[in-house]
Structure formats: C-alpha cells, structure tokens
Amino acid sequence: MLTVDGLFTEYASAGGDTVKAAQDVSFTVDEGQLFTLLGPSGCGKTTTLRSIAGLERPRQGSITVNDRVVYSSSAGVFVSPNQRGFGMVFQSYAIWPHMNVFQNAAFPLEVGGRRYSRQEIRDNVMQVLTAVQLDQLADRNATTLSGGQQQRLALARALVMKPALLLLDEPLSNLDAKLREKMRFELKRLQRELKITTVYVTHDQGEALALSHEIAVMHEGRIQQIGSPRDIYERPATRFVADFVGSSNFIDGTVTGAAATPDGCVVVRTEIGDVTVRSLQSLVADERVGVSVRPEDVELTEDRPAGGNVWEGRVDQKVFLGEAVEFQVKVGARTLLSRRHPTLRTKIGDAIFVQLDPEKCVVLKVA
Amino acid sequence: MSAAIPKEVVSQPVGDARGFDWKWIVIGACVAFTVYIAVIPLGFLFWQSFRTPQTAAVDSVFTVANYATAYGSSDTWRLFWTSMQFASGTALFAFVLGTALAWMNERTNTPFKSVFFALAVIPLIIPGILFTVAWILLASPQIGIINLVMQNWLGLEEPPFDIYSLRGMIWVDGLHYSPMAFLLMSAAFRAMDPSLEESATMSGANIFQVARRVTLRLTWPAIVATILILFVRAIESFEVPALLGLPAGIEVFTSAIYQAVHRYPSQVGLASAYAVALLLITTGGVYWVSKLSGRGSQYATMTGKGFRPRQIDLGGWRWVTAAIFVVYFLLIVVLPFAVLLWSSFQRFYAVPSMEALQNLTLDSYRFILDYPNLTRTIWNSVVLAVSTATIVMLVTSVICWIVVKTSIPGRWLLDGMASLPIVFPGLVLGLAIMVFYLNVDIGVYGTIWIMLIAYVTRFMPYGLRYTTTSMVQIHKELEESAAMSGASWGTTFRRIILPLLKPGLLAGWIYVMIVSIRELSTSILLYSPDTQVMSIVIWELWENGQYVELSALGVLFIIALFVLVLIAQWLGRKYGVKE
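Residues numbered from 1 in each chain as written. Chains lettered and ligands numbered in written order. Predicted model: local features only at pLDDT ≥ 70, side-chain atom pairs only at ≥ 80, totals over all residues. Heavy atoms only, no water.

1. Section: empty space enclosed by the protein
Tallied over the entire structure, the rule returns six cavities of 30 Å³ or more. By volume, the largest cavity amounts to about 80 Å³. Looking at the lining of the largest cavity, the elements that each hand over two or more residues are α4 (113-119) and α14 (317-344) of chain B. Counting residues per element, the lining of the largest cavity draws most heavily on α14(B), at three residues. Considered class by class, the residues forming the lining of the largest cavity number eight nonpolar, no polar and no charged. Of the pockets and cavities examined, the second largest cavity occupies roughly 60 Å³. A:Leu155, A:Leu159, A:Leu166, A:Leu168, A:Leu187, A:Leu190, A:Gln191, A:Leu194, A:Ile196 and A:Thr198 are the residues that line the second largest cavity. Only α5 (147-159), β8 (166-169) and α6 (177-194) of chain A provide two or more residues apiece to the lining of the second largest cavity. (1 Å grid on protein atoms, 1.4 Å probe; cavity = no way out; pocket = protein on both sides within 12 Å on 5 of 7 lines; lining within 4 Å. Points joined across faces, edges and corners; volume = space filled by probe spheres on them. Helix = DSSP H or I, 4+ residues; strand = E, 2+ residues; numbered from the N terminus. Nonpolar A, V, L, I, M, F, W, Y, C, P; charged D, E, K, R; others polar.)

In structure tokens:
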C-alpha cells in the first residue's frame, strides 16, 4: 500500500547547518495497517512523516501509495501536499479558530479537486462528525472545544475526504494522561473499524505498543528495527531499542567457548557470573555481547529456587509504585532492577535470590 | 515531537507539474513592488545629491559641489549641532515625562489611572501642525494667552515664555512625543515579570538595590530603544522646526531641506546632500534600535502568565500623582484644543476677555465651509488614506508571509527593503520621490498618484510591523493542515491566512489610515493645487496668517479624526481586534 524506499530528507537548521533528519528510511505498510514510527526527539520520525505528506521535500528516495508515485528522486516526481489526498492530524491539531466545528470539517471537501454538492458535503461531514461523537457540537465555535474534542475534530477533518492514507503526528501528546489513555482506545477502535491505512508518529512507547500492527523504531535518522509490538518488546534488535522501548537491565559479557547446546542455549560470562541465555543468532566463541533482561523478567524469591541461572543478592532499594514494587538488587557489585508484585515484601538489606529465565534473556551483539 | 524541526522549514514545496502556479506571480509582484517603491527613490536621492541644479538654460551635470557647500561651511556644523540639541533635548524631555507617567500608571496606586491610560492615546490623534499652532497661540511672546495672563497677574514686564526658541521647540515637540514614550515604557514595565523583582527582595535587597540592580538592568534595552526612537522621530520632525524654529532663525536639517527646495532656483542637490546626512543619522538610530530589540528578547522578561505586578502604595502622595496626570492632560489635550476652539469663534484673533467674548462669531466656520475645493480636499484626504491603508496591508501581508513562513533564500533582504522607508524622514522621502518622478516622467508628477506612492512607501514599515506581529502567532500547522486538506496556495492564503490575520490587518489598517490623514511633511513637497490634502490646507492658512480660519478647520479636523478613531475602535472590537 505505502512504500517508502531509501528516503533521505535533510534541511537547513536555524543556524544554517544541514540536519540529516531521515537517512535511508525504507518500509512498507500494508492496506488497513497501523504503522508507527517510534523514537526520541530529533530521531527523524516527524520528518519522515512530513516527507510522506509532502510538507518536506526529500533529497533522495521514493514514496509510493497504491501504485501512485508521489515522490521519486530518480523520476523527478514531487506531488504537492494538496494534490496527494492524504489526511493528516497535526500535533497542535491546527483547528482553524475562525471557523466552527462544521466548517473545519467541511473545508477539505470545499477546496479539493472534486466538487461536492451542498447536500453531499453536509452528509459526509455529519457522518464523520458522528463517528468521532462531535455531531452535537457541529455549530460550536472551534475555539470553545476542549483538548480531547479538538483532537477528535482534527481526526474528523482528516477523515472526511476518505483519504488513501492517514498521517498522525503525535496526536495524543497534548492531552492529559487520563484523556490520552481514553483516546488511545478510541483511536484504535476507529482505525480498526474504518480499516484505514495509517502512519503514526510518537515518542511514547506505550502508545506505540498499544496501537500498532507494526512499529519502526528510529534513532538518529535511521530505522533500528521494524517488527510487531511483541517482537520489538521481547526481541529488541539493538541496545537502543531495548533501552528506548521499556526499560532493561544490560549485562555485558563474552560468549564462552562452548558451542550452542541443542536447545539453542549459550553461556555468556558476565560480571555477575555465567548466564545461560537462549539465542537464535549465531554466536562465536569470545564474541563480546550484551544481555538484556526486562525488569519484570528478573525473578526474585526469598528461598533458593530450583534450576539454573540463580544468584544470591541483597535488596538495595525499593520503590513502591502501587501496582508493583521495583527492587534494586545488588548481585556482587552489579545492581539489577526487578519489578515484582507488591506481595513480595523483602526488607532492604535482606538476602534475596535472583533467577533469570534463559528464554527471556536477549543477546544483543555489540556493534 | 521531533523538536529539531525549526519554524522556517520550506512551508510548501513548489506546486506539481500542473503548470503554472499563481503563488509565484503574487510573490513576484509583491517583491517587485517593494523594490520599486522602497529602493529606487533612495538611489535617485543619492544620484541627485551629485548633480547641479537644473534650470531652463543650464543642464544638470555631475558635481560634488553640493557636498562641498553642504559640509564645507561652518553653517552646516551649526545646523548639525542645532539638530542634535533639538533632537536629543526633545527625546530626553519626552522620555522623562513619558517614563514618569508610565511608572505612575503601571506601578503605583494613583487613583483613576485607568481613565488616564485611555486618555493618553488622544494626543496621538492631534496632528503635529495643529498641536504646534495651538502652542503658538498659548505661548508666543506677542499673542500667547499664557504669557499675557501671567504678565497680567504677576505684573511682569517681559513675557515669561518664548515659544520661538530652542527651548520652546523642545517643549512642544517633547510634549507631542511624550504619549509615545508613555506607551513604549508602559509596555516595558508591563512586560517585566514581577517575580524577578520579588526574588531580589527576598534575597534581602532594599527597594533602591532592587531598582538599580534588577529593574533598571532588565528594562535597560527598552530604555535605550525608547530614547533612540524618540530621537529619530524628533530629528525628522518638520512642523515644529518650520513653525517655531524658522521665525527665530533656528535651523535644523528638516527645515534646511525645505528651504533649499523652496529657494529659486530650487537647490535640490543641496537639499539632497542635507537629506543624505539626515538619512545617515536616522539609519544609525534605527539600526541600534533593531540591535537592541534583538538583544531584548534575550532578556526574556515576558512570562505570558496573567500576573498583576505588585503596586507601590503612595499613601497621600497618590493625590499628587493624580494631579500630575491632570496637569499633563491639560497641557497636552485640553489647553491646545480649548485655544483652537476659542480662536475659531473670533473674527480676528484676540486674547480671551469680556470684550472678545461679545464678538463671538461663526464667520470662520462659514469661511472654511465655503473654502474653495474643500470637498475636493476632504475627498483627496479620505481617498488617499483609505487606499494607502488597503494597499499597505495587503502587500505587507504577502511580504510578511514570505519572510515569516517560508525559507526562500534572501527573504531577510525583502524584509529589510520593506522596512527601509522607516529611516526616511517624511521630508526626505518627499524629496526623493519628487526628484525621481521629475526625472522619470511617467505622468504621475503633480497628480494624486505621486502622493499615493509616497504614502504607501512611507507607511509600509508600519503595516509590516502589524502583519508580522500577527503572522508569527499563526501556527504553521494551521496552514499545513489546509494543504493536507487539498487546498492550493491561493485558497489557503485567502481562506486561512487572511482571516487569521484579520485582527492585525484591521488594527494596522486603522493606524495607517490615521497617520495618512495627518501626513504633512511628505505631502508638502509633492502636492499641487488639485491634490491638496487637509494638512496642506492648514499649512497654507498658516502661511497666509489666517489664524482664526485655521483654528476653525483644526477644530473640525480634530473632531472628525476623533470620531473616525471611535468608529474604527468600535469596528475593531466588533471584528475582534485585540487592543
């Protein structure tokens, strides 16, 4: 459906330097999928989205939507944004303050290439306003809307012309935490119902994991990993991905000489001792690697558990978070972070046993 | 979001291959217009300053004699010295007065001060020439009412005030510009976050230490900028030097330029040489102001929070400050208007007395209403003001869009060119345009078109300031979302940008219209009998010594302007102009 191939976008910063915003970005999004570009500020995700929209002019690469080339450096094609027919929701929502709710939503039908009759405009707008539950407020002045309503109006305006592609630029980041959670479900429901192909930009990993069919994690202009939310979370490809999506314990070490066991397990020699991990990658002896373990996968027990991968440690710090307790456990000189159910009430300074499931330990190659 | 994206990324890349894009036609036209209107007259002025005077018999040739005459003689240095004295005296007087009033208004509990703030804008409406004439009627040694009253009461032999002196000039011009100082300094006081002062107090500083080490340091850029603006305004002011200075033989640059043009044969080259000097001074001033305001933002005194600064309780002194406001208002509005009103009901000008009271007459009003071409004059003024305001606001909205919202290379140059006329003193601009259209005969010289061109040039920077202030507040995404909705550039500009700019456009339109209608110093070199405007008629009546008729016209003019401003404000409020 959407194919972005070898995209490079650069622009001059205020200081006159060239900012390499998107570097060799390639991905495809299938019909009806929600694809997320995830990354920290300045990673190039918004620039990539704006390049798809046509609001930035890339230097190189190509962008194709439904076999229609909207940008290609080799063919010299650049379709201006108003000819692309994509819907977009901006971070600020960009609701026009001089128009009411209806007029805002009707604008795309009035200015587009296709002519609509008054009745068609009315029907289409009311339909889309109903879908976002704003039909009651059609005559309200746009400036009197709350943040959540503005967000829904921006969405309605982007959807009213039945766009081939929906682009969302951090649409939830201006809402307060409670509303953000609600709108996240709202957005997901709407996207799944309408089956509209969507590219979503966010820096919030929770949003990305909750909404997406597929996620691309970006860093310094480049895509680090593309995969399903579960893939990204459970099998991060790089240390950056493991660190940015969720939090992780990183334990550096070297692969011991022994070749992989038949079940795919490898022993990594680290500062806390030998850690048995399961790896699907081919590793060679003495290779330097990092082992990444999610805090929720660091098992803690007061009595020594059965099985391998067990170390004795001492509780160093505890943070009570309500639904969980975070333990900082010292194993030798190393501190491991573990997230446990609040029923575990081991006191600070007491001994505790740490166990790691080889399945949950991810080996990251050191670049 | 990816915060690395600066505001000025290319807003909308060039349209696709569907041929021809209106955007570039409009942009091109506006750029060409700006270059033509702002740069060319300046170039001609320089060129003319190197030419000998042209008469019927002798052609003009290249010379440096103008500069030699202008800068070789000790007269010029006296001229320079007098101009400096006049301008700095005026600037300082206006500044001290305006700042004291602003401080009283913003930071003390003076009673009724909100009323004074509203009234402080009224003097801006009164045209400079009428204000000057009114003060002649008040303080001239021969007929000045204040002088005569003081002599009567105190039994003085000599009149105590002489308005025809450098001090008199500084008094009148300083009073006239003090509302401007008041508004600028009020804004500076208001923009300062009081928590900056409060944290100094909490650190143990007393009120003087706070004032010296925090308040003054923070408002310093605003103080210097205000004084510089007042200085530039004073050095280019024409009415006061012409009406008060020339009779007493006190010449400054502006009056010298006027006299050089009105000599026979007309010394345009000499006038141009003076004008170039004047231009250098004003350019320097404006340059420093812009440097300072650039620095000012780094002081970041704005917080945007809706705070109310703590006010100093003056105790019993607050009645003194209230009295100062009253006296100020008397000096700047009530007395000038009252004296014009009085004189307008006389047959011949007479000082108020019981005897004169019996001779009240409406003759002067009859004279004015029967004045030849009065309707024509009013029509000229109104048409010029309305067209100037409309053209200026439309052109500057496109220019400002290019400057603020695009990354077209060289856009700063466009901004610079459109702002360039701000350094032209009115008289110099009139001279430059006169010289240009005398040499390039495209049939506008002596018509109303030359006046229109001059007004548009002169007031373009003001319009640009209004549109820029509004334009930077329009979030880029408002425009981009229109593009994503499928709107072309023209549609976006018409349906999104212009409506959102409307409050700024309207406020700017009103301002430009009012300053156009009061304009004198540019028009005075460009008008012809057919293209007289209101301020020119006042000037002519003055030259003819028809004081009572002038007063009658002045009274009507001020009332009309006042009504105009009220209507404009009402319209503004109705269509959402934020004050």
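2. Structural notes on the side chain of B:Thr282
Residues and elements named next belong to chain B. As for its position among the elements, threonine 282 is in helix α13 (residues 268-299). At 3.0 Å, the side chain of threonine 282 forms a polar contact with the backbone oxygen of leucine 279. The residues touching threonine 282, leaving out its near neighbours within four places in the chain, are Val232, Ile235, Glu236, Val423 and Pro425. (Polar contact = N/O pair within 3.5 Å; in protein donor to acceptor, adjacent residues only side chain to side chain. Contact = heavy atoms within 4.5 Å.)

3. Quick look at the sheet that holds strand β5 (residues 68-72) of chain A
Residues and elements named next belong to chain A. Taken in spatial order, the five strands of this open sheet run β2-β1-β4-β5-β6, and their pairing is antiparallel. Edge positions in the open sheet fall to β2 (18-29) and β6 (77-78), since each of these has one partner strand only. Of the pairings in the sheet, the one linking strand β1 (residues 2-12) to strand β4 (residues 60-65) comprises five bridges and is antiparallel in character. Along β4, the bridge assignment pairs aspartate 5 with serine 62. Sheet strands in contact with helix α1 (residues 45-53) are β1, β2 and β4, and its direction is about 110° off that of β1. (Pairing = 2+ DSSP bridges. Axes fitted to C-alpha atoms, helices over the stretch in contact; angles between N-to-C directions.)

4. Here we look at the sheet that holds strand β18 (residues 325-331) of chain A
All names here are of chain A. Within the open sheet, the five strands sit side by side as β16-β20-β17-β18-β19. Their pairing is antiparallel. Here the strands that pair on one side only, and so sit at the sheet edges, are β16 (298-301) and β19 (334-340). Here the strands of the sheet are splayed against their neighbours by 45° on average, with no regard to which way each runs. The sheet contact formed by strand β17 (residues 310-320) and β18 spans six bridges and is antiparallel. Among the inter-strand pairings, phenylalanine 320 is bridged to a residue of β18, identified as valine 325.

5. Let's talk about the domain arrangement of chain A
Residue and element names in this part refer to chain A. With domains assigned, chain A is organised as domain 1 (2-243) and domain 2 (248-365). Once you take the C-alpha centre of each, domain 1 and domain 2 turn out to be 39 Å apart. Opposite the 10 residues of domain 1 that make contact, domain 2 presents 11 residues. A buried area of about 890 Å², summed over both sides, lies between domain 1 and domain 2, and 46% of it is on carbon and sulfur atoms. Its largest share of buried area at the contact with domain 2, domain 1 owes to Tyr233, Arg235 and Arg239, together 61% of the area lost on that side. Where domain 1 meets domain 2, there are one salt bridge. Between domain 1 and domain 2 we count four residue pairs in polar contact (both at pLDDT 80 or more) in total. Elements that contribute at least two residues to the side of domain 1 that touches domain 2 include exactly α8 (229-234) and α9 (239-244). Classifying every residue of the side of domain 1 that touches domain 2 by side-chain character gives five nonpolar, one polar and four charged. (Domains from an automatic or database assignment. Buried area = accessible area lost by both parts, 1.4 Å probe. Salt bridge = Lys/Arg side-chain N within 4 Å of Asp/Glu carboxyl O.)

6. Brief notes about the pairing of strand β13 (residues 265-270) of chain A
Residue and element names in this part refer to chain A. Where strand β12 (residues 249-255) lies against β13, three bridges are found, and the strand directions are antiparallel. Residue pairing in the sheet places glycine 253 in a bridge with threonine 270 of β13. Taking the residues that link successive antiparallel strands as the turn, the β13-strand β14 (residues 273-278) hairpin has two residues.

7. A short note on a nonpolar patch on the surface
Residues and elements named next belong to chain B. On the surface, Ile559, Val563, Ile567, Trp570 and Leu571 cluster together into a nonpolar patch covering about 450 Å² of accessible area. Of note, isoleucine 559 is situated in helix α24 (residues 547-574). Its relative accessible area of 42% is what places isoleucine 559 among the partly exposed residues. (Patch = residues over 30% accessible without salt bridge, like charges linked within 9 Å, V, L, I, M, F, W, Y side chains within 5 Å. Areas by Shrake-Rupley, 256 points an atom, 1.4 Å probe, with all protein chains shown as cover. Buried < 20%, exposed > 50% of the residue type's maximum accessible area, 1.4 Å probe, protein only.)

8. Description of the pattern of salt bridges
Any two side chains of opposite charge can pair, so long as their charged atoms come close to each other. In total, this model carries 20 salt bridges over all chains according to the counting rule given. Linking A:Lys360 and A:Asp297 is a salt bridge whose minimum nitrogen-to-oxygen distance equals 3.9 Å. With A:Lys360 in the loop between β20 (351-356) and β21 (362-365) and A:Asp297 in the loop between β15 (288-293) and β16, this residue pair connects regions lying 63 residues apart in the sequence. Between B:Arg366 and B:Asp363 there is a salt bridge whose closest N-O contact spans 2.7 Å. Here B:Asp363 and B:Arg366 lie together in helix α16 (residues 363-369), a separation of three residues that amounts to about one turn. On the accessibility criterion, B:Asp363 (28% relative accessible area) is partly exposed. Each of A:Arg50, A:Glu56, B:Lys476 and B:Glu480 takes part in one network of salt bridges that share partners.

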